[in-house]
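Close look at the chain arrangement
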Amino acid sequence: MAAGAPRVFVSHLSGIPVFDPNGDQVGRVRDLVTILRVGRKPPRLLGLVVELATRRRIFLPMTRVTGIESGQVITTGVLNVRRFEQRPTERLVLGEMLDRRVHLVETGEEVTVLDVSVRQLPARRDWEIDRIFVRKGKGGTFRRKGETLTVDWSAVDGFSLEEHGQGAENLLATFEQLRPADLANVLHHLSPKRRAEVAAALDDDRLADVLEELPEDDQIEILGKLKEERAADVLEAMDPDDAADLLAELPEDDKERLLTLMQPADAADVRRLMAYEERTAGGLMTTEPIVLRPDATVADALARVRKEDLSPALAAQVYVCRPPDETPTGKYLGTVHFQRLLRDPPYTLVGSILDDDLQPLAPGATLPTVAGFFAAYDMVAAPVVDEGGALLGAVTVDDVLDHMLPEDWRETEFHLEEEGADHGGG
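First things first, this report covers the structure right here in the doc. (Residues numbered from 1 in each chain as written. Predicted model: local features only at pLDDT ≥ 70, side-chain atom pairs only at ≥ 80, totals over all residues. Heavy atoms only, no water.)

Spacing of three or four residues puts side chains on the same side of an α-helix, whose turn is 3.6 residues. Burial in helix α5 (residues 204–211) covers these residues: Arg206, Leu207, Ala208, Val210 and Leu211. Where α5 is buried, its residues contact α3 (180–188), α4 (192–201), α6 (216–225) and α7 (228–237). Of the residues flanking the start of α5, the one acting as N-cap is Asp203, its side-chain oxygen 3.1 Å from the backbone nitrogen of Asp205. (Buried < 20%, exposed > 50% of the residue type's maximum accessible area, 1.4 Å probe, protein only. Helix = DSSP H or I, 4+ residues; strand = E, 2+ residues; numbered from the N terminus. Contact = heavy atoms within 4.5 Å. Polar contact = N/O pair within 3.5 Å; in protein donor to acceptor, adjacent residues only side chain to side chain.)

Within the structure shown, the criterion is met by four aromatic pairs. Relative to Phe159, the ring of Trp153 has its centre 4.6 Å away and its plane inclined at 15°; by these criteria the two rings are stacked. Its relative accessible area of 8% is what places Phe159 among the buried residues. The rings of Phe373, Phe374 and Tyr377 are connected pair by pair, giving a single aromatic cluster. (Phe/Tyr/Trp six-rings, centres within 6.5 Å; stacked < 30°, edge-to-face > 60°.)

All right, on to the nonpolar core then. Judged by nonpolar contacts, the single largest core of 89 residues is most densely connected at Leu48, Ile132, Leu235 and Val395. The element that contributes the greatest number of residues to this core is helix α14 (residues 367–377), accounting for five residues. Apart from residues no more than four positions distant in its own chain, Ile132 is found in contact with Val113, Asp115, Val116, Leu149, Thr150, Val151, Trp153, Val156 and Phe159. Counting 15 residues, the second largest nonpolar core, distinct from the first, contains Val320, Leu333, Val336 and Leu341. (Core = buried A, V, L, I, M, F, W, Y, C linked by side-chain atoms within 4.5 Å.)

Time to look at the packing of α4 against α6. The N-to-C vectors of α4 and α6 enclose an angle of 65°; their axes lie 10 Å apart at closest approach. The element α4 and its partner α6 pack so that their crossing is right-handed. Touching Pro192, Arg195, Ala196 and Ala199 of α4 are Asp218, Glu221, Ile222 and Lys225, all from α6. Looking at side-chain class alone, the contact of α4 with α6 contains four nonpolar, no polar and four charged residues. (Axes fitted to C-alpha atoms, helices over the stretch in contact; angles between N-to-C directions. Left-handed = near helix turned anticlockwise from the far one by under 90°. Nonpolar A, V, L, I, M, F, W, Y, C, P; charged D, E, K, R; others polar.)

We now examine the pattern of salt bridges. Overall, the coordinates contain 20 salt bridges when judged by the stated rule. When the shortest N-O distance is used, the salt bridge between Arg57 and Glu51 registers 3.4 Å. For Arg57, a relative accessible area of 7% puts it in the buried group. Note on Glu51: relative accessible area 6%, which makes it buried. One salt bridge connects Lys193 with Glu197, and the closest N-O pair in it is separated by 3.2 Å. Here Lys193 pairs with Glu197, and both are found in helix α4, just four residues apart, close to one helical turn. (Salt bridge = Lys/Arg side-chain N within 4 Å of Asp/Glu carboxyl O.)

The next thing to look at is the side chain of Thr280. Here Thr280 is to be found in the loop between α10 (264–274) and α11 (281–284). We classify Thr280 as buried; its relative accessible area is 10%. Setting aside residues up to four positions removed in sequence, Thr280 forms contacts with Pro363, Gly364, Ala365 and Thr366.

Between helix α9 (residues 252–261) and α10, the least distance of the axes is 9 Å, while the angle of their chain directions is 145°. Of the residues in α10, those in contact with Lys255, Glu256 and Leu259 of α9 are Ala267, Val270, Arg271 and Met274. By residue class, the composition of the contact of α9 with α10 is four nonpolar, no polar and three charged.

Turning our attention to the pairing of strand β3 (residues 25–35). Most of β3 is tucked away: eight of the 11 residues are buried. Both strand β2 (residues 17–19) and β3 contribute to a ladder of three bridges, which runs antiparallel. Across the sheet, residue Pro17 finds its bridge partner in β3, namely Arg28. Hairpin remark: β2 followed by β3, antiparallel, with five residues in the connecting loop; positive phi at Gly23, about 90°. Bridging between β3 and strand β4 (residues 44–51) involves seven bridges; their strand directions are antiparallel. Paired with Val29 across the two strands is Val50, which belongs to β4. The pairing of β3 with strand β8 (residues 90–92) spans three bridges and is classified as antiparallel. Of the residues in β8, the one forming a bridge with Thr34 is Arg91. (Pairing = 2+ DSSP bridges.)

Every buried residue of α9 is accounted for by Lys255, Leu258 and Leu259. Viewed along the axis of α9, the buried residues span an arc of 100°, placing them on a single side of the element. Relative to its buried face, α9 has exposed residues pointing more than 90 degrees away, namely Asp253 and Thr260. (Arc of directions from axis to C-beta.)

We now examine empty space enclosed by the protein. This model, assessed by the stated rule, comprises four cavities of 30 Å³ or more. Considering only enclosed or pocket space, the largest cavity measures out at about 80 Å³ in volume. (1 Å grid on protein atoms, 1.4 Å probe; cavity = no way out; pocket = protein on both sides within 12 Å on 5 of 7 lines; lining within 4 Å. Points joined across faces, edges and corners; volume = space filled by probe spheres on them.)

This part is about the environment of Asp386. Note on placement: Asp386 falls in the loop between β17 (381–385) and β18 (391–396). In this structure the C-alpha to C-alpha distance between Asp386 and Val400, which are 14 residues apart in sequence, comes to 19 Å. In contact with Asp386, not counting residues within four places along its chain, are Pro363 and Leu392. At 3.0 Å, the side chain of Asp386 forms a polar contact with the backbone nitrogen of Gly388. Among the polar contacts made by the side chain of Asp386, one reaches the main-chain amide nitrogen of Ala390 at a distance of 2.9 Å.

With that out of the way, let us pick up the layout of surface pockets. Counted as a void, the largest pocket has a volume near 1,800 Å³. If you trace the largest pocket, you find 46 residues lining it, with Asp239, Asp309, Leu310, Ser311 and Leu314 closest to the centre. Where the lining of the largest pocket is concerned, the elements lending two or more residues are α3, α5, α8 (240–248), α10 and α15 (397–404). Among the elements that take part in the lining of the largest pocket, α15 stands out by supplying five residues, more than any other. Partitioning the lining of the largest pocket into residue classes produces 17 nonpolar, five polar and 24 charged.

Now the structure itself:
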């Protein structure tokens, strides 16, 4: 953006790519860092929080931004890859300003911040927040009717005060296209208060997906701040193996109380998983693989594989068993891989195209044994079968990796720290 160019609203910057001068993408914008100033002077924009391909978040000073246009940010190409750490005097624009309730100076009327705009000062490299887009009336729900208007920064008061009950709807709208793992990364970097507000605003399925991607401490913190009935609903929406892992970290009384509040069938699956040692096939598996009877057709299998809520690993193959066809099933007969389903006519019976050469995993198989199975046979999922031949569930490669990587892998990238000065926060 050239000096004197029109203002840019920050909601349009969230998630846009950041490129170096050669046109190579280095990351995406995840937030903006600003610092409040004395009196009613507009806050100065210090820089951008950029998420690299490794999911590391770094600070990009505005002095290294040469252009913001056409849905992209262009930089000088000089990046300090030290992890961004917010300083006490700094504010995150998307994470802390959107949805905030402030007051119009002239009338004292309460308004909700829906967006803010930034501009580059003429003939300078400094940037500042200049205007605020607000909705009149209490509450932060952007669907609620009410007059909207754009006012100067000096026309509102309240950003320097501690916010209680700050809404999360506009922040969620900004991040609604993020994958669960990326939204989990966003939540991890918010304050505990803001994290709880965003979690409370997510629907059960979305929150369940996000919880599965969060570090253990964040999972426990968020679950503990939910009402028990809702916590049980969210646990039901999680994959049973992830719910079992989370519940295993809770005090015994809390665990039993939540299991009692869950639907009996869901609670039974979780209890069954909790009976196995954590680092065994039984402890790693999910109880919800795709199970078909031998007289099902390829068309039936493809219809099941097509379900959008399935992970790619679980959709990679179906398991053919005698009735009953919910785990624990009747006799396990074999597996049909997705590629084989694509090669055979739709009317073909899955019982006629089984891969029954590979021995399934026993529920007591240790983590190294499971990892070796995946490596030896290039698998992304594997059946777990008991001594009686019943299918108990399936282990997926993501669950194996979760338990083989360091405990803090979600917060740590696997490359050497590069030396450099701390980010310039002003």
